Amino acid sequence: MKKILPIIFILLAFSSCSDDDDNHNPVIGNWKLVRAQTLQFGTASNPIPHESITDYSEKNIIYTFDAGSNLTISEDGKKEQYKYEYKFDYLSGSPSANETKTQLVIIDGSKWTYRVSNQGEMILGKSYVDGSDLYFVRQ
């Protein structure tokens, strides 16, 4: 009996462990939009691509992501509501031979890539389809 008790104790200790990383959602919180960056492709007269930056730092545009998958975008007293999902998935929606999973934020069905800059800014990106990348700072 004395030999069985330590084994039972060890089994109970390991069975009560949980993996909280599966539930970790880094976008939850209030985020201020500070800028949008878009790669502008060249034209016939100027074939050199360049980056276009729109500065939103003086505006008070706040994205609030809650734990219930609700996103509220507030600007000048106006609020818009959306549903969102944070997930680690394939950008195409289905795996292919060379595709790897990436961090995504899906807002009302629209996929945005998720990453964090060296300065700690959250970046929601649409540049993979020639759209803008939005840069946020945590509030």
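The notes below deal with the structure included here. Note on numbering: residues in each chain are counted from 1, in written sequence order. Residue-level local features of this predicted model are given only where pLDDT is at least 70; pairs of side-chain atoms are given and counted only at 80 or more, and the full residue set underlies all totals for whole chains, interfaces and linings. No hydrogens and no water enter the side-chain calculation; it runs on all heavy atoms of the structure.

**Let's talk about the overall build of the protein chain**
Strands here are runs of E lasting at least two residues and helices are runs of H or I lasting at least four, both read from the DSSP assignment and numbered beginning at the N terminus. What the protein chain contains, in helices and strands, is one helix and nine strands. Listed by position from the N terminus, the elements making up the protein chain come as α-β-β-β-β-β-β-β-β-β. Within the protein chain, buried positions represent 29% of all 139 residues. In what follows, residue pairs with any heavy atoms lying within 4.5 Å of each other are defined as contacts. The long-range fraction of contacts in the protein chain, counting pairs at least 24 apart against all pairs at least 6 apart in sequence, stands at 35%. Note on areas: Shrake-Rupley, 1.4 Å probe, and residue coverage restricted to the protein chains presented here. When the accessible area of the protein chain is evaluated, it comes to approximately 9,700 Å², of which 54% is carbon and sulfur surface. Only protein chains enter the accessibility calculation, which uses a 1.4 Å probe; a residue is then buried when its area is under 20% of its type maximum, exposed when over 50%, and partly exposed in between.

**Some thoughts on the pairing of strand E9 (residues 133-138)**
Strand pairing is assigned whenever DSSP identifies at least 2 bridges connecting the two strands. In this structure, strand E1 (residues 29-40) lies alongside E9, joined through six bridges in antiparallel fashion. Each residue of the ladder has a partner; that of Ala-36, found in E9, is Leu-134. Bridge count between strand E8 (residues 122-125) and E9: four bridges; the pairing is antiparallel. The residue of E9 that forms the bridge with Met-122 is Phe-136.

**Focus: unusual backbone geometry**
At Asp-76, a residue that is not glycine, the phi angle is positive and equals roughly 50 degrees. In this structure, Asp-108 is a non-glycine residue whose phi angle is positive, near 45 degrees.

**Overview of the pairing of strand E5 (residues 78-89)**
Here strand E4 (residues 70-75) runs beside E5; their pairing, made up of six bridges, is antiparallel. Of the residues in E5, the one forming a bridge with Leu-71 is Tyr-82. Where E4 folds back onto E5 in an antiparallel hairpin, the turn is made up of two residues, including Asp-76, whose phi is positive at roughly 50 degrees. Bridge analysis of E5 against strand E6 (residues 102-107) gives six bridges, and the strand direction is antiparallel. Along E6, the bridge assignment pairs Lys-87 with Leu-104.

**Observations regarding the pattern of salt bridges**
Each salt bridge in this description consists of a side-chain nitrogen of Lys or Arg and a carboxyl oxygen of Asp or Glu lying within 4 Å of one another. Under the criterion given, the structure shown has four salt bridges. With a closest N to O distance of 4.0 Å, Lys-87 and Glu-85 form a salt bridge. Taking the relative accessible area as the measure of exposure, Lys-87 reaches 25% and is therefore partly exposed. Given a relative accessible area of 39%, Glu-85 falls into the partly exposed group. Of the charged contacts in the structure, one is a salt bridge between Asp-133 and Arg-115, with a shortest N-O distance of 3.9 Å. Linking Asp-133 in strand E9 with Arg-115 in strand E7 (residues 110-116), this pair joins segments that are 18 residues apart in sequence. Salt bridges here are not isolated pairs; linked through shared partners, they connect Glu-85, Lys-87 and Asp-89.

That is the geometry; function is a separate question.
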